[in-house]
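Here's the letter readout for the chains.
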Amino acid sequence: VTITTRQLVSHLSGIRHYEKDITKVKEEKEKANKALKLAKSHQDKEQKAKEGKGLENTDCVKQKKEHDSETKRRNSKPGRNDKEFEQEEYYLKEKFESVIESLKIFKNDPLFFKPGDQFLYSTYGFTLLSAVVERASGQKFTDYMLKMFRDLDMLSTVLDDNEAMIYNRARCYIYNKKGRLVNAPYVDNSYKWAGGGFLSSVGDLLKFGNALLYSYQAGQFKNKNGKLLPGYLKPSTVAMMWTPVPKTEVSWDRDGKYAMAWAVVEKNQQYGCCRQQRHYASHTGGAVGASSVLLILPEELDPEVVGTWPVAPPRGVIVTIICNMQSVSLNSTALKIAREFDKEKWAQ
């Protein structure tokens, strides 16, 4: 078969994730779909109960449901099944000297499907992608990325290297099987630099979001007297990155599709004075003891204002959250924050 870089960046390659058994992957997808239907049914029943149409619950039952709900919330993450962090490969301690060397973990495993046929989020797909970058650039992937971070002024973004002394590095935490907060176990991320091997700060991620948003919008503004510098990327490149790819899915927002390393929700409104989808791009992150999200909500630009200086890109709202806790759902929170700032701006 042929696997393209576009398939890798959109998780359509067929390369496995941490689970090696395709049967278990299919079973988990079916369970997730059933759970979604049950959750909707439960919400409908609760609504009827509030309206006095039956479904009486004792205090004990209510407390048990609340406790179960809290336990599930702590140990689950949208986009990942509840048992994902039970996979042994999440806790690898082997140090790999190069991304090419780390390919040995999965290079002899069969593909789960023909490339391009289905969507399956795969950290190892990104590991292979980093190997492509390394060969194409002629540099070590980590050196290539650190230079890029420097260009973007992201000076606090570094490799998550256990041996290095990193100023202000936060400790990470997880809940154990008894529901108690404990320190996250030691892991070595050298097998997945591209899929979760960097440390950053909210300030750096905001710079990253602003650089992308500036690049995305720069082509829409008139460059008066050469005052408007070009974006780090071409506007067409960011637009391509944020274009939904067929056959993909996004579990942290079911209105969205996966694009190129980004989840994207497109602008959509079917009926007047009814639910409206705003265009935004985001991505969550999950690792042992940590969770994160970066969300970019571009401003809907008025063509009459775009050509007026000093109005200049980036125009919109960027929200980033980093949490040193495993399996925390952050995308919906980031979207609510972005919408509030967006409402406030238009109210002015």
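In case you missed it, the structure is sitting above this.
Quick caveat, the model's predicted, so the values are computed rather than measured.

Visitor: Any chance you could explain the sheet that holds strand S8 (residues 290–298) here in plain terms?
Guide: By way of backbone hydrogen bonds, the strands of a sheet pair with one another, either parallel or antiparallel. On the basis of which strands lie adjacent, the open sheet formed by five strands has the order S5-S6-S7-S8-S9 and antiparallel pairing. With one partner strand each, in any of the chains shown, strand S5 (257–258) and strand S9 (316–323) form the two edges of the open sheet. Pairing between S5 and strand S6 (residues 263–265): two bridges, direction antiparallel. Note on S6: the bridge partner recorded for Lys257 is Val264. Across the face of the sheet, helix H8 (residues 202–217) comes into contact with S8 and S9 while running at roughly 150° to S9.

Visitor: Please clarify how the pattern of salt bridges should be interpreted in this entry.
Guide: For side chains bearing opposite charge, pairing can occur when the charged atoms are close. Using the criterion set out here, one finds 14 salt bridges in the structure. Between Glu300 and Arg278 there is a salt bridge; the shortest N-O distance is 3.2 Å. Of this pair, Glu300 sits in the loop between S8 and helix H10 (303–306) while Arg278 is found in the loop between S6 and strand S7 (280–287), placing the two residues 22 residues apart along the sequence. Residue classification places Glu300 among the partly exposed residues on the basis of a relative accessible area of 34%. Residue classification places Arg278 among the buried residues on the basis of a relative accessible area of 15%.

Visitor: In this structure, what is going on with the nonpolar core? I would like to understand it.
Guide: Soluble globular proteins: nonpolar side chains tend toward being buried together. Counting 50 residues, the largest nonpolar core has Tyr124, Leu212, Trp242, Tyr258, Trp262 and Ile296 as the members making the most contacts within it. Other than its neighbours up to four places away in sequence, Trp242 contacts Leu212, Tyr216, Ala259, Trp262, Val264, His279, Ala281, Ile296 and Pro298.

Visitor: Would you explain the packing of aromatic side chains in this entry?
Guide: A ring pair, where both rings are aromatic, is described by two values, the distance of the centres and the angle of the planes. Going through the model one piece at a time under the given rule, you end up with 10 aromatic pairs. Taking the centre distance of 5.6 Å and the plane angle of 65° together, the rings of Tyr18 and Tyr124 count as edge-to-face. Residue Tyr18 is found in the loop between helix H1 (5–9) and helix H2 (22–50), and its partner Tyr124 is found in helix H5 (residues 123–137); the two are separated by 106 residues along the sequence. Grouping residues by exposure puts Tyr18 and Tyr124 together as buried. On the basis of an interplanar angle of 50° and a centroid distance of 6.3 Å, the ring pair of Tyr124 and Tyr191 is categorised as tilted. Taken as a pair, Tyr124 in helix H5 and Tyr191 in the loop between strand S3 (181–183) and helix H7 (193–196) lie far apart in primary sequence, 67 residues in all. For the pair Tyr124 and Tyr191, a shared accessibility class is recorded, and that class is buried.

Rules of the game
- Residues numbered from 1 in each chain as written.
- Predicted model: local features only at pLDDT ≥ 70, side-chain atom pairs only at ≥ 80, totals over all residues.
- Heavy atoms only, no water.
- Pairing = 2+ DSSP bridges.
- Helix = DSSP H or I, 4+ residues; strand = E, 2+ residues; numbered from the N terminus.
- Contact = heavy atoms within 4.5 Å.
- Axes fitted to C-alpha atoms, helices over the stretch in contact; angles between N-to-C directions.
- Salt bridge = Lys/Arg side-chain N within 4 Å of Asp/Glu carboxyl O.
- Buried < 20%, exposed > 50% of the residue type's maximum accessible area, 1.4 Å probe, protein only.
- Core = buried A, V, L, I, M, F, W, Y, C linked by side-chain atoms within 4.5 Å.
- Phe/Tyr/Trp six-rings, centres within 6.5 Å; stacked < 30°, edge-to-face > 60°.

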